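# Residue-level structure breakdown
In case you want the letters, here they are:
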Amino acid sequence: MPKFNLSWMYMIIAMALFGFWLANESGSGVQKNISYNEFQGYVSKGFVEKVTIYKDDATIEAAIKPQHVKDVFQQDSTKVGKSPLVTTRALTLEGLEQFLNKEQTEGRFSGKVEPVERNNYLTMILWNILPFALLIGLWIFFMRRMGSGGAGGGGGVFSVGKSKAQLFEKGSSIKITFKDVAGLEEAKQEVEEIVEFLKSPQKYTDLGGKIPKGALLVGPPGTGKTLLAKAVAGEANVPFFSLAGSDFVEMFVGVGASRVRDLFKQAKEKAPCIVFIDEIDAVGRARGKNPSMGGNDERENTLNQLLTEMDGFGSNSGVIILAATNRVDVLDKALLRAGRFDRQIHVDLPDLNERKEVFGVHLRPIKIDDTVDVDLLARQTPGFSGADIANVCNEAALIAARHGKKFVGKQDFLDAVDRIIGGLEKKSKITTEAERRSIALHEAGHASLSWLLEHANPLIKVTIVPRGRALGAAWYLPEERQITTKDQMLDEMCAILGGRAAEELFIGKISTGAMNDLERATKQAFGMVAYLGMSEKLPNLCYYNNDEYSFNKPYSEKTAELIDEEVKRMINDQYNRAKDILSTHKKEHNELAQLLIEKEVIFAEDVEKIFGKRPWASRSEEIMANEKKNNPVSEPEVSTNN
Ligand code: ADP
């Protein structure tokens, strides 16, 4: 775009020049050709102010005194311009000089005489032609720029309709292969098959099958969708076009559709090939849902064009579309139907074993010592995406480098995990004794409850060292469940509310420190009541509405009141439960808080010393125990702290 703006600048400059020239032209006044005799007459009468003699051809230019303009031109001086001239030609230069000398000595002519060596026609011509030449030059330059700059060239008005896809030819610079993508076995298999379709389509068409047109990679951010597509590009021996959904979007109407057309035209020329559209939701959003005054037709046009190109008359053979999004719920249904994106490939957050593999990939370039335990790291990073894990590895290397180490050790990795979850440790943040006590009691409340409740997430460590924006933090090991029961959710909510409950019980004053907890608990309670049908008064009802632009609640005012009531009741119940549990275990809780104030950081073992062993094995322990039974050779370390 800046280039385009620049062209406008050129235009403005050209116009200004033109205008300047015009103004100059009209201001230069009138010239009148007269005979030599007439000229002599004007000089004798004293009308002439200045005489310019061009010596090479004896032409004369004489400027007339303003008061005599009327006598010479028979016109008002306003009509003839600022400096009206008369021009003529002398018979001989000598004669002219003699005449002027004579007139001067006799006092009739008092003006200036200016002899000029050569009549400067060249400047005159240049002066007259230059502005035109400049204009034409600019115009040609401008047209060239508009016409040039094909795909990816950018700039220029005429190239906006060209697709911006980046083309990677066979054997190009992409070095990513399926080996660099850890885990995601099923997804990998699916895309590998797509590569296979392109390499030997006959194998499939011989049996009457049709080659799929597209596959949609769906999953949370950072789970490796783009990586997978890059690996396809690296492995498939076919041309690969890569672009983002937003590349279709431009401020001109009709450009998106034109870009789609151009993309498919290019792709068809290169078929068989793969087109990868990242973040397809930028263009693929459901049509007709946007209430913004219909101003967004452009996106719909683009989408319509995409739909027809993908499966309309004259469908494309040998072009497979891969697309990635983390918002499949907002995509247009027509885009998702079979025949367009035939396959949806779900790319989920990695589970324990997949995380191990992802660590394996990202630890490869890092110099680690033998304290690093991949099993432990994988267990410490539940809920992390592939991108987060890549970040942990990098951060660990940076931390080790900061401490001047030769190798990256286990503690560096654990610090990196803590940092990524909680933000930077701020030991320098000033806290008073009372504040520290309050934070300790609060965190101890969480810690005690999570230890005492069966389904709460088991604790890893608690700290009262401020981190990021939090004043204290507790690390848990969330169980990676596929389904969660109501009891489990209630226990979690109870543990979340434990901080505020401890403050109320043991300090007698509640504080602002619990806002984050309250927000989480309230959201969870609302979800349970309104979406999961888990409350007593509104059982088995789900009011979930994924319509982006709907401003109406899908329930009546009365139900809204009921929901509020149920949410309130649920939170109150759990809060009271938290208070009950904490008051029965007051001694242990206070001991824990005291320990926190002394040590700043405490681990699961310290909590175990105070409360005794947890009677329930956690799910991950169960899974691990099973693994051990089935696979006794590779014994994972069971400690959950450093
Ligand atoms: P998205 O799903 O948002 O497109 P990316 O594919 O861009 O995520 O992933 C970002 C980065 O995270 C990758 O460059 C890679 O380093 C890392 N990553 C994500 N998933 C994996 C994985 N399964 N294996 C290895 N690295 C991964």
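Each remark here, short or long, concerns the structure printed above.
Reading guide: rules and limits
- Residues numbered from 1 in each chain as written.
- Predicted model: local features only at pLDDT ≥ 70, side-chain atom pairs only at ≥ 80, totals over all residues.
- Heavy atoms only, no water.
- Helix = DSSP H or I, 4+ residues; strand = E, 2+ residues; numbered from the N terminus.
- Buried < 20%, exposed > 50% of the residue type's maximum accessible area, 1.4 Å probe, protein only.
- Contact = heavy atoms within 4.5 Å.
- Areas by Shrake-Rupley, 256 points an atom, 1.4 Å probe, with all protein chains shown as cover.
- 1 Å grid on protein atoms, 1.4 Å probe; cavity = no way out; pocket = protein on both sides within 12 Å on 5 of 7 lines; lining within 4 Å.
- Points joined across faces, edges and corners; volume = space filled by probe spheres on them.
- Nonpolar A, V, L, I, M, F, W, Y, C, P; charged D, E, K, R; others polar.
- Domains from an automatic or database assignment.
- Near = heavy atom within 4 Å.
- Polar contact = N/O pair within 3.5 Å; in protein donor to acceptor, adjacent residues only side chain to side chain.
- Axes fitted to C-alpha atoms, helices over the stretch in contact; angles between N-to-C directions.
- Parallel < 35°, antiparallel > 145°, perpendicular 65-115°, else oblique.
- Left-handed = near helix turned anticlockwise from the far one by under 90°.
- Core = buried A, V, L, I, M, F, W, Y, C linked by side-chain atoms within 4.5 Å.
- Patch = residues over 30% accessible without salt bridge, like charges linked within 9 Å, V, L, I, M, F, W, Y side chains within 5 Å.
- Salt bridge = Lys/Arg side-chain N within 4 Å of Asp/Glu carboxyl O.
- Pairing = 2+ DSSP bridges.

## Looking at the overall build of the protein
The helix and strand tally for the protein stands at 24 helices and 14 strands. Burial statistics for the protein: of 642 residues in total, 43% are counted as buried. The long-range share in the protein, meaning contacts at least 24 apart out of those at least 6 apart in sequence, stands at 75%. Accessible area of the protein: about 34800 Å², with a carbon and sulfur share of 55%.

## What about the layout of surface pockets?
Its boundaries defined by the atoms lining it, the largest pocket holds a volume of some 1300 Å³. Residue lining of the largest pocket: 39 residues in total, with Gly 472, Ala 473, Asn 516, Asp 517 and Arg 520 positioned closest to the centre. Counting only elements with at least two residues in the lining of the largest pocket, the list comes to helix 17 (410-422), helix 18 (433-452), strand 13 (473-476), helix 19 (486-506) and helix 20 (515-531). When residues of the lining of the largest pocket are assigned to their parent elements, the largest contribution, seven residues, is made by helix 18. Here the residues of the lining of the largest pocket sort into 17 nonpolar, 14 polar and eight charged. There are two domains that each give the lining of the largest pocket at least three residues, and those are domain 4 (352-422) and domain 5 (433-630).

## Focus on the side chain of Lys 461
Structurally, Lys 461 can be placed in strand 12 (residues 459-463). Discounting residues that sit within four places of it in the chain, Lys 461 has contacts with Asp 418, Ala 473, Ala 474, Trp 475, Val 601, Ile 602 and Phe 603.

## Describing the site of the ligand
As a structural note, the neighbourhood of the ligand is formed by 15 residues, with Ala 182, Gly 222, Thr 226, Leu 227 and His 362 the closest of them. One of the side-chain N or O atoms of Thr 226 is found 2.4 Å from an oxygen atom in the ligand. At 2.8 Å from a nitrogen atom of the ligand is found a side-chain nitrogen or oxygen belonging to His 362. Relative to its free-state accessible area of 560 Å², the ligand is covered by the protein chains to the extent of 79%. Those elements that provide at least two residues to the shell around the ligand are helix 9 (225-235) and helix 16 (386-402). A breakdown of the residues in the shell around the ligand according to their chemical character gives seven nonpolar, six polar and two charged. Domain assignment of the residues forming the shell around the ligand places at least three in each of domain 3 (166-346) and domain 4 (352-422).

## Overview of the packing of helix 18 against helix 19
Put simply, helix 18 and helix 19 touch, their axes get as near as 7 Å, and they point 135 degrees apart. Considering the angle they form, helix 18 stands oblique to helix 19. Remark: the crossing between helix 18 and helix 19 carries right-handed chirality. Of the residues in helix 19, those in contact with Arg 437, Leu 441, His 442, Gly 445, His 446, Leu 449 and Ser 450 of helix 18 are Cys 494, Ala 495, Ile 496, Gly 498, Gly 499, Arg 500, Ala 502, Glu 503 and Phe 506. Here the residues of the contact of helix 18 with helix 19 sort into seven nonpolar, six polar and three charged.

## Here's the deal with the nonpolar core
Core analysis: the largest hydrophobic core is formed by 49 residues, its most contacted members being Leu 449, Met 493, Ile 563 and Leu 592. Elements with a contribution of two residues or more to this core: helix 18, strand 12, helix 19, helix 20, helix 21 (557-584), helix 22 (586-599) and helix 23 (604-611). In this structure, Val 195, Phe 197, Leu 322 and Ile 345 belong to the second largest nonpolar core, which totals 28 residues.

## Quick look at a nonpolar patch on the surface
Side chains of Phe 18, Leu 22, Phe 132, Ile 136, Trp 139, Ile 140 and Met 143 sit close together on the surface and give an oily, nonpolar patch of about 670 Å² of accessible area. As for its position among the elements, Met 143 is in helix 6 (residues 121-147). With a relative accessible area of 34%, Met 143 lands in the partly exposed category.

## Focus: the pairing of strand 13
By the alternation rule, side chains of strand 13 split into Ala 473 and Trp 475, which are all buried, and Ala 474 and Tyr 476, of which none is buried. With four bridges connecting them, strand 12 and strand 13 associate as antiparallel partners. Across the sheet, Thr 463 pairs through a bridge with Ala 473, a residue of strand 13.

## A look at the sheet that holds strand 12
With respect to topology, three strands assemble into an open sheet ordered 13-12-14, the strand pairing being antiparallel. Unpaired on one side and paired on the other, strand 13 and strand 14 (601-603) mark the two borders of the sheet. The sheet shows a mean angle of 10 degrees between the axes of neighbouring strands, taken without regard to direction. Relative to strand 14, strand 12 runs antiparallel, the two sharing three bridges. In the strand pairing of strand 14, Val 462 is matched with Ile 602. Its contacts with the sheet place helix 22 against strand 12 and strand 14, and it is angled at close to 130 degrees to strand 14.

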